[in-house]
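# Examination of the molecular architecture
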Amino acid sequence: MKTVFRPFVLLVALLFGANLSAAQVAKQGNDVLSSRVRAEVNSFQGKVYLFAKNLDTGETYSLNGDERVRTASTIKIAVMIEVFARVADGRAKWTDELVLTKAARYAGSGILPELGDGLRLSLRDSIRLMMTLSDNTATNMVLDYLSTDAVNARMESLGFKQTRIMRRVGGGGESKAGKEPDNKRFGLGATTPHEMVEIMANLDRGEIVNQDASKEMIDLMKREQSRYAIGRTTPDVPMASKYGALDALRSCVAILYTKQGKIAMAITVDDMPQPFWSVDNPAYLLMSRLSLILVDGLAAKK
C-alpha cells in the first residue's frame, strides 16, 4: 500500500509545485513590468495614465488606467465609429457632400484651414482627413453632419460608458454630456485608457458595426500620418493609431502588430508644466519608451 501511495503523493506534489512556479513566474513578470514602467513615470513631470493589453493572450497592465482623462483628438475614434455605423444602417452615404464653411474652421492640425470656403468634400474624404491628418475642421464638418449627441449615443449602445464627446473642436455643438458641470474640465472629450483599449480590441475582433467596417476602420488608423510616441523607434512594426495633443497633454491610442503579439495600448500624459510643440515633446519620448517596455512585458511567453 505504501509503495503505491508514495509515488502518487510525489506526483501530486510535483504537479502542484509546477503550477505554483508558473504562477510565481507570472507574478514576477508583472512585478518587473510594473517596476520598469514606474521607473520611467516617477521621474517625469506630469501625470501618466495607461492601459495595455496583449490581444492574443489577454494579459493586461494598468497604471491609473480606469481614471477618466481628457481625450484631445483621440475622441475622433468615436466620431469615426458613428459615421461607419450610420453608413452601415443606410442613414448616410459615403458620397454625401459636406461643405467647408467659416463656422467649421478651426486651426491646429489638418489642411482644410488653408483652403477656401465652399469646398465640397465627400463624407468619406472628410473622415480620411479627420483620421489620417487629425484635421480639426474636417472633424467639425463631420460633427455638424452627425451631432455630438449621436456620437455619444453610439458609444452608449456599444457599452462604452466613459467615452464621451463634449462639443465640437474649439467650441459649439455642445452635447448633453458636455453640459454636465463635472464634464467641463475635459474640454473636447473624456474617456479612460482602459475603455479606449477595449474599443480598439473590439475593432480588431471585427465586433464594431460589422467585420468589414471594423477592418476598414483599423486600416484607416494604420494610415495616420504621425508616429511620434507609441512605435516611434519601431517603424517596421505595423500600427493602427490615433494621436491627441493639447498644451499640457499628449495622448495616443494604438495597436502594435508585433511578432510577440498584437499589443493594444492607450497612454495619456497630462499636467505637463509647460507647452512644447515639437515632435520631441518629452511626453512623446516618454510614451515611446513606455511602448517598448509594454510590448516586452506583455509579449507572449514561449
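In this section: the side chain of S226. Its place among the elements puts S226 in the loop between α7 (211–221) and β8 (239–246). The contact partners of S226, leaving out residues within four places of it in the chain, are M239, S241 and Y243.

With that settled, consider the nonpolar core. Counting residues in hydrophobic clusters, the biggest one holds 52 residues, and the most contacted among them are I77, M80, I127, I199 and M200. Looking at this core, the elements with two or more residues in it are α2 (76–89), α3 (123–132), α4 (136–146), α5 (148–157), α6 (193–204), α7, β9 (249–258) and β10 (261–270). Element by element, the count of residues in this core is highest for α2, at eight residues. Not counting residues within four places of it along the chain, the set of residues in contact with M200 comprises I77, I218, M221, A240, V253, A254 and I255. In this structure, L33, A229, L256 and V269 belong to the second largest nonpolar core, which totals 31 residues.

Looking now at empty space enclosed by the protein. Once rolled over the atoms, a probe with the size of a water molecule shows which space is left empty. Throughout the structure, instances matching the rule amount to one cavity of 30 Å³ or more. Put simply, the largest cavity is a space of about 60 Å³. Broken down by secondary-structure element, the contributors of at least two residues to the lining of the largest cavity are β3 (69–70), α6, β9 and β10. Of the residues that constitute the lining of the largest cavity, the class distribution is seven nonpolar, six polar and one charged.

This part is about a nonpolar patch on the surface. A surface patch of nonpolar side chains, about 210 Å² in accessible area, is lined by I111, L115 and L133. Using a relative accessible area of 36% as the deciding quantity, one classes L115 as partly exposed.

Okay, α2 next. Over its 14 residues, α2 extends 20 Å from the first C-alpha to the last, a length consistent with the 20 Å expected when each residue adds 1.5 Å. When α2 is considered as a whole, its buried residues turn out to be K76, I77, A78, V79, M80, I81, E82, V83, F84, A85, R86 and V87. At the exit of α2 stands G90, carrying a positive phi of roughly 85°.

What follows is about the confidence of the model for the chain. When pLDDT is averaged along the chain, the result is 91; 90% of the residues meet or exceed 70. Per-residue pLDDT stays below 50 along residues 1–17; that stretch engages in one contact with residues further than four places along the chain or on separate chains. Taken as a whole, residues 20–25 scores under 50 in pLDDT and shows zero contacts with residues more than four places along the chain or in a different chain.

Reading the values: the criteria
- Residues numbered from 1 in each chain as written.
- Predicted model: local features only at pLDDT ≥ 70, side-chain atom pairs only at ≥ 80, totals over all residues.
- Heavy atoms only, no water.
- Helix = DSSP H or I, 4+ residues; strand = E, 2+ residues; numbered from the N terminus.
- Contact = heavy atoms within 4.5 Å.
- Core = buried A, V, L, I, M, F, W, Y, C linked by side-chain atoms within 4.5 Å.
- Buried < 20%, exposed > 50% of the residue type's maximum accessible area, 1.4 Å probe, protein only.
- 1 Å grid on protein atoms, 1.4 Å probe; cavity = no way out; pocket = protein on both sides within 12 Å on 5 of 7 lines; lining within 4 Å.
- Points joined across faces, edges and corners; volume = space filled by probe spheres on them.
- Nonpolar A, V, L, I, M, F, W, Y, C, P; charged D, E, K, R; others polar.
- Patch = residues over 30% accessible without salt bridge, like charges linked within 9 Å, V, L, I, M, F, W, Y side chains within 5 Å.
- Areas by Shrake-Rupley, 256 points an atom, 1.4 Å probe, with all protein chains shown as cover.
- Salt bridge = Lys/Arg side-chain N within 4 Å of Asp/Glu carboxyl O.
- Expected span 1.5 Å × (residues − 1).
- pLDDT = per-residue confidence, 0-100.

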